Amino acid sequence: MNNYTQQQPYPQTYGGQPYMMPRIQRPPAPPAESPAGSGKHIPLILTIISITVTIAAIALAMYGSSLAPAAPSVTGTQIYSSSLLVNDGAWNFHSTQYSQCAFTSQGLDSIMQQTAPFDMASCNLTMTISLPYQLRVTVQPQNILSNSLEAAVYLSQNIRFVISAQGTYDIEGLTNKGNWVSFQGGTSIQWHTSGAQANSLQFDVSSNGFSVATNGVITDQITGLNFGGTSNVGLGAVAGVNPSEALFTDFAVYSQN
Amino acid sequence: MTPHQPDFQPPASGQNTPAPQPGYPVYGQGGYGVYQPQQQYYYPAQGGYYPMYPPPQMSQKPQRSAYRLTLGIISVIALSLLLLGGFVFVAISGLDYLTGSPLGSAVALFVLLITAMLGGGGVGLYFAIRAIANKSSAAARFPPFYIFAALTVAVFAAGFAIKLTALPPSGITVSLLIVLSGVMPALTILAFTVNRLGNPTTWRRLWMSLLSGMFLATLIALILELTASVVLAIWFANGPGAFNSNILNNSSSVLFTLLIISVVAPLVEEGFKPIGPVILIGRIRTPAEAFALGLASGIGFNIFETIGYISSGQADWIQVAFERVGAGLLHGVGAGMATLGWYYIFRGKGVRLRALKGIGAILYAIMQHALFNGSNLLGLVPGPIGNALNYPIYFLGMYETTQIFLFFGIYILIAFMLLKMTGALRLKPTNKTAENAQISAESSILTRNA
């Protein structure tokens, strides 16, 4: 039996039409969704984190700046100084088919075409320097060079410091087979890489090692080397994949004896 | 008894009668962004009457999609590898610290990688696991963009202050500031875009897009660009002649560099930056979401690339950061446009001239990138153009040339493009009530479908 036959008729509310679909009102909108899970606090959290991290980063950098180890000041007697803009006769040029050195109006220019065994400094200071001593020189920027900047400062005949336009450096020693091998290296955060600004180097050399400072801040130091009692210093360039070049100015040596 | 409550009895038994359901939300369910009230009302299912009218739709639990599940599992594996990579970088950094060889400002790149791999990968893994578990994700909402803009100014002010007044700090102490000099401008652009578009996507999708741009797209671009460089180098060795991409003093070097930066890089980068959003293209619902996800992916790519450049700047890192302050616009808008193009091509059914719009958007991204990169070489043009661009200027401790104005001019043009695109794509509520309704609807839908 059909249950529907027993049900009450609909009230006649719509023009007397029974069984007509009652006109319903749209139910009221429910309250807004609970913010839980909608991430409404995330912008605030992001703001707090961003501000906190920024303040911490600025404070850390300022603090780190105050800790930067300044290069030693000038001590001892100046035994040689030159702008390297003119040939004063104190330099000996060691030119080969791979390397050359020349005075230019912009400084002492060294070019190395390619690497060769027993690479030597192409520009050698003729005087012998007794240890300890301090050496200062300025390396001119990449933008005025015709080749890639790879500067080398020879602190003796078998120890050199090499630095690139990107501030990557190596302290190298010459092996008996004529190869230069890296003792240690890294990257100097004090080095200007923009290509428009010159960089200064300072070496404080003792009998068993040296420290190097770039632009007034100590970058690295090494011990365990044997310089003996005297050194022959030189300047040059070190070739990599491409020919390299280095242009030097403002060279000075201070003896600390 | 009210007129609306017919007095009839439900069948006693034996009938397949749906159980009374609670009221259904009145907000639209068939796509967010537009307020769509329910078209089909149902009779309130209160006890004591028979629901003879169209029964209320069952409140359904979101169905697990095989596509989503697969993506979730792949994401979990990839993000686990990313986390592992982060730990490897921690080990490398620790080893480097122990051996004492300074990294200079490059330590910032390590900081970024470790932070992004461990932090970003960790958050991404959380999102991926929740996706597999069929859990929802909230609508992505950023703080107002001017907060990030103000923090950008603070970071740059500190950077210039250090450069002008103090000795350069060690790499580790300045590394966080270097990272922020790349991240804050990028977040400004991302926050501006997502908020202006009306928050069209979820945190999960946004985060995954960002990570895909930062790690997947950069990896692919690195491999392809290196391969192209080698192929071109071999070709040059046998054809145009020797070149040195560092010293642009002959035609071979200029041509080689032009091909790399204005052809290879735009094609590869604009082709692969949107890889994350394109994988999601079947689930992207609106052009605004496509643009936002693409832009997030481009911003991820930009953060990695820009911090790579800045961290090679050493004492001049703030100068590099200044030069690249708008790089997020280049990469972000480019990837956003490319993703929008793919969206029109794959999902633009009903859109007039969809193929043309799609290809046009992708071509725009490539051309924008090619023109920006190519403008780097304009200074080599002899004559008045080269002279005008090479005039040296010195400010805030930076040695620049007038070419910097060209770069910033292009940044402004791209910013204008971003303004126009976000204005055209953003959700447009008709009034305040609709806006509120829309926000609730978006939240509701996004949390269900993300």
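Residues numbered from 1 in each chain as written. Chains lettered and ligands numbered in written order. Predicted model: local features only at pLDDT ≥ 70, side-chain atom pairs only at ≥ 80, totals over all residues. Heavy atoms only, no water.

1. Comments concerning the overall build of chain B
Inference 1: Scanning chain B from N- to C-terminus turns up 14 helices and two strands.
Inference 2: Burial status across chain B gives 50% buried among its 450 residues.
Inference 3: Taking contacts inside chain B between residues at least 6 apart in sequence as the whole, the part at least 24 apart equals 79%.
Inference 4: Carbon together with sulfur atoms contributes 69% to the accessible area of chain B, which is approximately 20,400 Å² in total. (Helix = DSSP H or I, 4+ residues; strand = E, 2+ residues; numbered from the N terminus. Buried < 20%, exposed > 50% of the residue type's maximum accessible area, 1.4 Å probe, protein only. Contact = heavy atoms within 4.5 Å. Areas by Shrake-Rupley, 256 points an atom, 1.4 Å probe, with all protein chains shown as cover.)

2. Structural notes on the side chain of B:Thr173
Inference 1: Within the element layout of this structure, B:Thr173 appears in helix α4 (residues 171-196).
Inference 2: If near-sequence neighbours (up to four positions away) are discounted, B:Thr173 is found in contact with A:Leu60, A:Ala61 and A:Gly64.

3. Here's the deal with the confidence of the model for chain A
All names here are of chain A.
Inference 1: Residues with a pLDDT of 70 or more make up 84% of chain A, whose mean pLDDT is 84.
Inference 2: Of all secondary-structure elements in chain A, the lowest mean pLDDT belongs to strand β5 (residues 123-130), at 88, while strand β6 (residues 133-139) reaches the highest, 95.
Inference 3: Of the regions scoring below 50 in pLDDT, residues 30-36 engages in six contacts with residues more than four places distant in sequence or in other chains. (pLDDT = per-residue confidence, 0-100.)

4. Structural notes on the domain arrangement of chain B
All names here are of chain B.
Inference 1: Entries for chain B in the domain assignment read domain 1 (66-136) and domain 2 (140-429).
Inference 2: A separation of 22 Å is found between the C-alpha centroids of domain 1 and domain 2.
Inference 3: Between domain 1 and domain 2, the residue contacts involve 27 residues of the former and 24 residues of the latter.
Inference 4: Carbon and sulfur atoms make up 77% of the surface buried where domain 1 meets domain 2, a total of about 2,000 Å² over both sides.
Inference 5: In this structure, the connection of domain 1 to domain 2 is made through zero salt bridges.
Inference 6: Going through the elements one at a time, α1 (66-99) and α2 (107-132) are the ones with two or more residues in the side of domain 1 that touches domain 2.
Inference 7: Sort the elements by how many residues they give to the side of domain 1 that touches domain 2 and α2 lands first, with 16 residues.
Inference 8: When its residues are assigned to classes, the side of domain 1 that touches domain 2 shows 17 nonpolar, seven polar and three charged. (Domains from an automatic or database assignment. Buried area = accessible area lost by both parts, 1.4 Å probe. Salt bridge = Lys/Arg side-chain N within 4 Å of Asp/Glu carboxyl O. Nonpolar A, V, L, I, M, F, W, Y, C, P; charged D, E, K, R; others polar.)

5. Re the state of the cysteines
Structurally, a disulfide amounts to a covalent bond that connects the sulfur atoms of two cysteines.
Residue and element names in this part refer to chain A.
Inference 1: Scanning all chains against the criterion turns up one disulfide over all chains.
Inference 2: The partner cysteine of Cys101 in its disulfide is Cys123, sulfur to sulfur 2.0 Å. An S-S torsion of about 115 degrees defines the bridge between Cys101 and Cys123 as right-handed. Of this pair, Cys101 sits in strand β3 (residues 99-104) while Cys123 sits in strand β5, and the two are 22 residues apart along the sequence.
Inference 3: Of the residues examined, Cys123 reaches a relative accessible area of 0% and is grouped as buried. (Disulfide = S-S within 2.5 Å.)

6. Some words on helix α8 (residues 287-310) of chain B
Inference 1: With 24 residues, α8(B) extends 33 Å from end C-alpha to end C-alpha; this agrees with the ideal 34 Å at 1.5 Å per step.
Inference 2: Burial within α8(B) is extensive, with 20 of its 24 residues counted as buried. (Expected span 1.5 Å × (residues − 1).)

7. Things to note about unusual backbone geometry
Inference 1: Backbone torsion omega between A:Leu131 and A:Pro132 reads -10 degrees, so that peptide bond is classified as cis.
Inference 2: At B:Asn199, a position not held by glycine, the phi torsion is positive, near 55 degrees.
Inference 3: For B:Asn199, the location among the structural elements is in the loop between α4 and α5 (203-238).
Inference 4: In this structure B:Asn199 comes out as buried when scored by relative accessible area, which is 12%.

8. Focus on the pairing of strand β14 (residues 230-237) of chain A
Residue and element names in this part refer to chain A.
Inference 1: Most of β14 is tucked away, with six of its eight residues classed as buried.
Inference 2: Examined bridge by bridge, β5 and β14 share five bridges and lie antiparallel to one another. Residue pairing for β14: Ile129 is matched across the bridge by Ser231.
Inference 3: As paired elements, strand β7 (residues 148-154) and β14 share four bridges and run antiparallel to each other. Note on β14: the bridge partner recorded for Val153 is Leu235. (Pairing = 2+ DSSP bridges.)

9. Overview of the layout of surface pockets
Inference 1: Taken as a whole, the second largest pocket spans an internal volume of roughly 1,200 Å³.
Inference 2: If you go around the second largest pocket, you meet 37 residues; those closest to its centre are A:Leu46, A:Ile49, B:Val123, B:Trp207 and B:Leu210.
Inference 3: At the level of secondary structure, the elements contributing two or more residues to the lining of the second largest pocket comprise α1 (42-67) of chain A together with α2, α4 and α5 of chain B.
Inference 4: A per-element tally of the lining of the second largest pocket places α2(B) first, with ten residues.
Inference 5: For the lining of the second largest pocket, a count of residues per class yields 28 nonpolar, eight polar and one charged.
Inference 6: Residue assignment places the lining of the second largest pocket across two domains, with domain 1 (66-136) and domain 2 (140-429) of chain B each supplying three or more. (1 Å grid on protein atoms, 1.4 Å probe; cavity = no way out; pocket = protein on both sides within 12 Å on 5 of 7 lines; lining within 4 Å. Points joined across faces, edges and corners; volume = space filled by probe spheres on them.)

10. Quick notes on the packing of α1(A) against helix α3 (residues 145-165) of chain B
Inference 1: Where α1(A) meets α3(B), the closest approach of the two axes is 10 Å, and the angle between their N-to-C directions is 0 degrees. Relative to α3(B), the element α1(A) is oriented roughly parallel. Residues A:Thr47, A:Ser50, A:Ile51, A:Thr54, A:Ile58, A:Ala61, A:Met62 and A:Ser65 of α1(A) lie in contact with α3(B), whose contacting residues are B:Ile147, B:Phe148, B:Leu151, B:Ala154, B:Val155, B:Ala158, B:Ala161 and B:Ile162.
Inference 2: Partitioned by chemical class, the residues of the contact of α1(A) with α3(B) number twelve nonpolar, four polar and no charged. (Axes fitted to C-alpha atoms, helices over the stretch in contact; angles between N-to-C directions. Parallel < 35°, antiparallel > 145°, perpendicular 65-115°, else oblique.)

11. Quick look at a nonpolar patch on the surface
Inference 1: Taken together, the side chains of B:Ile73, B:Ile77, B:Leu81 and B:Leu84 make up a nonpolar region of the molecular surface, amounting to roughly 400 Å² of accessible area.
Inference 2: Among the structural elements, B:Leu81 can be located in helix α1. (Patch = residues over 30% accessible without salt bridge, like charges linked within 9 Å, V, L, I, M, F, W, Y side chains within 5 Å.)

12. Some details on the nonpolar core
Inference 1: Within the largest apolar cluster, 87 residues are counted, with the highest numbers of intra-cluster contacts made by B:Leu177, B:Leu190 and B:Phe291.
Inference 2: Each of domain 1 (66-136) and domain 2 (140-429) of chain B contributes no fewer than three residues to this core.
Inference 3: The contacts of B:Phe291, once residues within four sequence positions are left out, are B:Thr193, B:Leu197, B:Val333, B:Gly336, B:Met337, B:Leu340, B:Leu418, B:Met421, B:Thr422 and B:Leu425.
Inference 4: Counting residues in hydrophobic clusters, the runner-up holds 45 residues, among them A:Ile129, A:Ile159, A:Leu225 and A:Val233. (Core = buried A, V, L, I, M, F, W, Y, C linked by side-chain atoms within 4.5 Å.)

13. Brief notes about the packing of aromatic side chains
All names here are of chain B.
Inference 1: One pass over the full model with this rule turns up 23 aromatic pairs over all chains.
Inference 2: Arranged with centres 6.0 Å apart and planes meeting at 70 degrees, the rings of Phe160 and Phe322 form a pair that is edge-to-face. On the criterion of sequence distance, the pair formed by Phe160 in helix α3 and Phe322 in helix α9 (residues 317-323) is long-range, its members being 162 residues apart.
Inference 3: Among the aromatic residues, ring-to-ring pairing joins Phe160, Phe322, Phe372, Phe395, Phe407, Phe408 and Tyr411 into one connected group. (Phe/Tyr/Trp six-rings, centres within 6.5 Å; stacked < 30°, edge-to-face > 60°.)

14. Quick notes on the pattern of salt bridges
Residue and element names in this part refer to chain B.
Inference 1: Throughout the structure, instances matching the rule amount to five salt bridges over all chains.
Inference 2: Taking the shortest distance from any N to any O, the salt bridge between Glu305 and Arg324 comes out at 2.7 Å. With a gap of 19 residues between them, Glu305 in helix α8 and Arg324 in the loop between α9 and α10 (327-347) connect regions that are remote in the sequence.

15. Describing the packing of α1(A) against α4(B)
If you want to describe how two helices pack, look at the angle between their axes and the distance between the axes.
Inference 1: With their axes 7 Å apart at the nearest point, α1(A) and α4(B) run at an angle of 140 degrees to one another. As the angle between them shows, α1(A) and α4(B) are arranged oblique. Here the hand of the crossing between α1(A) and α4(B) comes out left-handed. From α1(A), A:Ser50, A:Val53, A:Thr54, A:Ala57, A:Ile58, A:Leu60, A:Ala61 and A:Gly64 reach across to α4(B), where they touch B:Ile172, B:Thr173, B:Val174, B:Leu176, B:Leu177, B:Leu180 and B:Met184.
Inference 2: Residues belonging to the contact of α1(A) with α4(B) are distributed by class as follows: eleven nonpolar, four polar and no charged. (Left-handed = near helix turned anticlockwise from the far one by under 90°.)

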